[in-house]
Amino acid sequence: MSCFGGNISPDLFQKCCNANQLCEFSGNLSDVSSEPIFVQKVYDAVLFNLQGLKTVTNQCFSPAIPRGHRIRRVIDIRCKRFFNPLNVEDPSNLTLDVNTTISGASFIQDAHCEPIRVVGPDGTFSEKVLYADTEECDEKCKGTPIFGTQNIAITGDVLVTIDLLLSDRNDREVVFSVCANVNIADDRNPLVLTNFFELCMPSTRNSAFLPRFSEFCNPACETRLATNSIGRDITICPDGTIKANLIVALCVTCEKKIVVPVQLCVLSTGFVQLEPQVSAICATFPSLFPNQIRESDTRENCGDTESERDICDQVCDVCNDDRRGRSRRR
């Protein structure tokens, strides 16, 4: 049993790992307290499953099968989207370009007529600010419906792997895998999927923040032989190169959301506390997050340990300085 970085793996050569358990609950409700957090609430959302088809003829696969072997049968055909982590703008990356238009509302624009984007939960500028006249539905205490059209332009490649069962002249069988990058579409002629949706928009009359529109999609792919026949769909060239006729299905899941910033009260068991890796040199280490200061933090409810008393003394000194400052201002 090996432990590296706190993640337990069965052995030193294990390729997978387990995540750390960051939060624990003792089962005692007295350890639970309410905490205010500033987050985004999902007011309304819709989910779509879209699919597109791509037929491929005489797609070359590599490597070539060994000389003197023949194909007995196809064991499996796998497909996954292609992604180059060293170049996010690689034209071979399977990319979804989502273009959404809204009716019944509008996206807030800047002086250059560009939609204003704000930071979403993913840490990028992935949300647009919405505006609509919601006065008619505000009187009924209901939301205002808006309608949208979505066009998804798919470009790039998928990686197709075929597992073959080969046999040599002595009928000895071996599993042999070949793969190829299959192009779905390019920028000049993308594969376009279209759908329509309806969302409910909250009132904007008394809110300090306008609603935001967020959308994201996730593609997957499935593939098979065009006619499910090895004799018709797979060709072996004289040099051993495999050519195949395929049907590739693009399976896309998209979600549209209307989110609004809100303050929520949640039940919490406290801050996350990780067990640090022990160092033999440093005796103490700084904290990553500040201690929470509350009016109830007094010297009377400090713990028994010296470190807890020191922390409580610091908190109480801050509280007392703050009270003295308020009294002088009065």
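Residues numbered from 1 in each chain as written. Predicted model: local features only at pLDDT ≥ 70, side-chain atom pairs only at ≥ 80, totals over all residues. Heavy atoms only, no water.

Run through the layout of surface pockets, naming residues and quoting values.
The space that makes up the second largest pocket amounts to roughly 450 Å³. The set of elements that each furnish at least two residues to the lining of the second largest pocket consists of β5 (95–103) and β12 (212–225). Among the elements that make up the lining of the second largest pocket, the one with the highest residue count is β12 (5 residues). Of the residues assigned to the lining of the second largest pocket, the class counts are 10 nonpolar, 2 polar and 5 charged. (1 Å grid on protein atoms, 1.4 Å probe; cavity = no way out; pocket = protein on both sides within 12 Å on 5 of 7 lines; lining within 4 Å. Points joined across faces, edges and corners; volume = space filled by probe spheres on them. Helix = DSSP H or I, 4+ residues; strand = E, 2+ residues; numbered from the N terminus. Nonpolar A, V, L, I, M, F, W, Y, C, P; charged D, E, K, R; others polar.)

Mind laying out the pairing of strand β8 (residues 127–131), listing which residues take part and the relevant values?
Of all 5 residues in β8, 4 are buried; the element is thus mostly enclosed. Relative to β8, strand β6 (residues 106–107) runs antiparallel, the two being bridged by 2 bridges. Across the sheet, residue S106 finds its bridge partner in β8, namely Y131. One ladder, built from 2 bridges, connects strand β7 (residues 117–118) with β8; its direction is antiparallel. (Buried < 20%, exposed > 50% of the residue type's maximum accessible area, 1.4 Å probe, protein only. Pairing = 2+ DSSP bridges.)

Describe the nonpolar core, listing the residues and the values that go with them.
Counting residues in each nonpolar core, the largest one holds 45 residues, and the members touching the most others are F61, V158, V160 and V248. Those elements that place two or more of their residues in this core are β3 (33–61), β4 (70–81), β9 (144–167), β10 (173–185), β11 (191–201), β12 and β14 (242–268). (Core = buried A, V, L, I, M, F, W, Y, C linked by side-chain atoms within 4.5 Å.)

How would you explain a nonpolar patch on the surface if you had to name every residue and give the values?
Together, L22, V272 and L274 give the surface a local cluster of nonpolar side chains, amounting to about 280 Å² of exposed area. Secondary-structure assignment places L22 in the loop between β2 (7–9) and β3. (Patch = residues over 30% accessible without salt bridge, like charges linked within 9 Å, V, L, I, M, F, W, Y side chains within 5 Å. Areas by Shrake-Rupley, 256 points an atom, 1.4 Å probe, with all protein chains shown as cover. Salt bridge = Lys/Arg side-chain N within 4 Å of Asp/Glu carboxyl O.)

Summarise the state of the cysteines; cite the residues concerned and give the values.
For the coordinates displayed, the defined rule picks out 2 disulfides. Put simply, C79 and C221 are joined by a disulfide, and their sulfur atoms are 2.1 Å apart. In this structure the cystine formed by C79 and C221 twists about its S-S bond by roughly -110 degrees; its chirality is therefore left-handed. You can see C79 sitting in strand β4 and its partner C221 sitting in strand β12, a full 142 residues away along the chain. The class of C79 is buried, set by a relative accessible area of 18%. Each sulfur of the disulfide joining C217 and C254 lies 2.1 Å from the other. Here C217 and C254 share a disulfide; its torsion about the S-S bond, 110 degrees, makes the bridge right-handed. (Disulfide = S-S within 2.5 Å.)

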